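Read off the chains here:
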Amino acid sequence: MNPAPPFRMTGGRVRYDGREALRGVDLAVGDGEFVAVLGANGSGKSTLVRALLGLVPLSGGRTEIYGVPPARFRDWKRIGYVPQRLPMGGGVPATVREVVASGRVARQSRWRPASSADRAAVDAALHAVGLADRARDSAHLLSGGQQQRVLIARALAGEPDALVLDEPTAGVDAANQEALAAVLGDLSRQGRTVVLVAHELGPLEPLVDRAVVLEHGRIVHDGAPPAWTPHAHPRHGEIEMRAG
Ligand SMILES: Nc1ncnc2c1ncn2[C@@H]1O[C@H](COP(=O)(O)OP(=O)(O)OP(=O)(O)O)[C@@H](O)[C@H]1O
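Thresholds applied
- Residues numbered from 1 in each chain as written.
- Predicted model: local features only at pLDDT ≥ 70, side-chain atom pairs only at ≥ 80, totals over all residues.
- Helix = DSSP H or I, 4+ residues; strand = E, 2+ residues; numbered from the N terminus.
- Contact = placed C-beta atoms within 7 Å.
- Pairing = 2+ DSSP bridges.
- Axes fitted to C-alpha atoms, helices over the stretch in contact; angles between N-to-C directions.
- Left-handed = near helix turned anticlockwise from the far one by under 90°.
- Near = placed C-beta within 6 Å.
- Nonpolar A, V, L, I, M, F, W, Y, C, P; charged D, E, K, R; others polar.
- Buried ≥ 20, exposed ≤ 12 C-beta atoms within 10 Å, placed from the backbone.
- Parallel < 35°, antiparallel > 145°, perpendicular 65-115°, else oblique.
- pLDDT = per-residue confidence, 0-100.

An unreviewed UniProt entry lists the protein chain under the name Metal ABC transporter ATP-binding protein, with Actinomadura keratinilytica given as the organism.

In structure tokens:
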């Protein structure tokens, strides 16, 4: 029997205040796949990835993480999540290293201090996103693009099998987008599963095996990445399929 895929949603529905944001989504993401979730503002992209992770409840259908419904899933160290907005800033200033080290929590025993494996994973994650030389800096003083890389490093530090990123390129300059593409390319070649939400793929495009396009909470395309005018947000009718 094949092992359960990282994510499988069947007939997934999500309702906010009586309005449906997901309207019957069937989606299985296989081990090692690199899937981009595309669509216009408000089409339901964030809702879909949050529902896959059990962060928003389904009003209909079901979803599983490695074959287990999110409420019963316990193996969170296998999953990395990079949210759309920064939960850091405000509060107590933390160094870049401290934020990244917090990504090890799911792997650490509560009664033991960080092990050498923890420290090595944090170092590797900082190195992967090109921020090793900023480890002692306050995370909230970095640029938006660098903060995004800190959040990615935090997820990488947990050495997840599957990584979910919500618009990792939004508001990120070209150099940081290239850096992100290099990191995600390495992960993908290592066989990790990547699901990312994007408006535009930019330098990530060559990495994408499969694009899932949402419109009004439904999947309207699932296959090769569609081509559209750069810098335009895909709207109804604007997406054209690449020949071949
Ligand atoms: N917490 C919430 N409460 C009520 N409505 C919500 C909530 N979150 C999202 N919505 C609505 O659900 C729909 C889908 O939103 P969602 O954020 O999933 O779309 P999106 O494709 O990720 O959009 P964007 O590209 O702007 O991030 C939108 O109409 C949005 O206004």
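### Topic: the overall build of the protein chain
Helices and strands together make up the secondary structure of the protein chain, namely 5 helices and 9 strands. Secondary structure of the protein chain in N-to-C order comes out as β-β-β-α-β-β-α-α-α-β-α-β-β-β. Here the contacts in the protein chain between residues at least 6 apart in sequence split such that 67% fall between residues at least 24 apart.

### What to know about the sheet that holds strand E8 (residues 210-215)
With respect to topology, 6 strands assemble into an open sheet ordered E5-E6-E7-E3-E8-E9, the strand pairing being mixed. Two strands in the sheet have a free side with no partner beyond their single neighbour: strand E5 (79-82) and strand E9 (218-223). Each adjacent strand pair in this sheet contributes to an overall mean axis angle of 15 degrees, direction not counted. Judged from the 5 bridges that link them, strand E6 (residues 162-166) and strand E7 (residues 193-197) form a sheet pairing that is parallel. Pairing of alanine 162 across the sheet is with threonine 193, part of E7.

### Some thoughts on the packing of helix H3 (residues 116-128) against helix H4 (residues 144-157)
The interhelical angle for the contact between H3 and H4, taken along N-to-C directions, is 145 degrees, at an axis separation of 8 Å. Taken as a pair, H3 and H4 cross one another with a handedness that is right-handed. Residues Ala121, Val122, Ala125, Leu126 and Ala128 of H3 form the contact with H4, whose own contacting residues are Ala153, Leu156 and Ala157.

### With respect to the site of the ligand
Surveying the vicinity of the ligand reveals the residues Tyr16, Asp17, Ala21, Gly39, Asn41, Gly42, Ser43, Gly44, Lys45, Ser46 and Thr47. Counted by class, the shell around the ligand contains 2 nonpolar, 7 polar and 2 charged residues.

### Quick notes on helix H1 (residues 45-52)
With 7 of its 8 residues buried, H1 lies for the most part within the structure. If you check which residues of H1 are buried, you get Lys45, Thr47, Leu48, Val49, Arg50, Ala51 and Leu52. In the stretch just after H1, glycine 54 is the one whose phi turns positive, near 80 degrees.

### Details of unusual backbone geometry
Of note in the backbone geometry, aspartate 17 takes a positive phi value of approximately 45 degrees without being a glycine. Residue tyrosine 66 is not a glycine yet carries a positive backbone phi of 45 degrees. Structurally, tyrosine 66 is set in the loop between strand E4 (60-65) and E5.

### Some words on the packing of H4 against helix H5 (residues 174-189)
Two elements in contact, H4 and H5, have axes whose closest approach is 10 Å; the angle formed by their N-to-C orientations is 15 degrees. Classified by the angle their axes make, H4 and H5 are roughly parallel. H5 is crossed by H4, and the crossing has right-handed handedness. Across from Gly145, Arg149 and Ile152 in H4, the residues of H5 making contact are Asn176, Ala179, Leu180 and Val183.

### Topic: the sheet that holds strand E1 (residues 7-16)
The strand order across the open sheet built from 3 strands is E2-E1-E4, with neighbouring strands paired in antiparallel fashion. In this open sheet, the two edge strands, each paired with only one partner strand, are strand E2 (19-29) and E4. Taking each pair of neighbouring strands and ignoring which way they run, the sheet shows an average axis angle of 25 degrees. In the packing of H1 onto the sheet, the strands contacted are E1, E2 and E4, and the crossing angle to E1 comes to about 120 degrees.

### Quick look at the confidence of the model for the protein chain
The predicted model of the protein chain averages 86 in pLDDT, with 86% of residues at 70 or higher. Interface confidence for the predicted complex, given as ipTM, is 0.96, next to a pTM of 0.87.

### Overview of the environment of asparagine 176
Of note, asparagine 176 is situated in helix H5. What makes asparagine 176 buried here is the crowd of 20 C-beta atoms within 10 Å. A C-alpha to C-alpha distance of 19 Å links asparagine 176 and alanine 157, two positions 19 residues apart in sequence.

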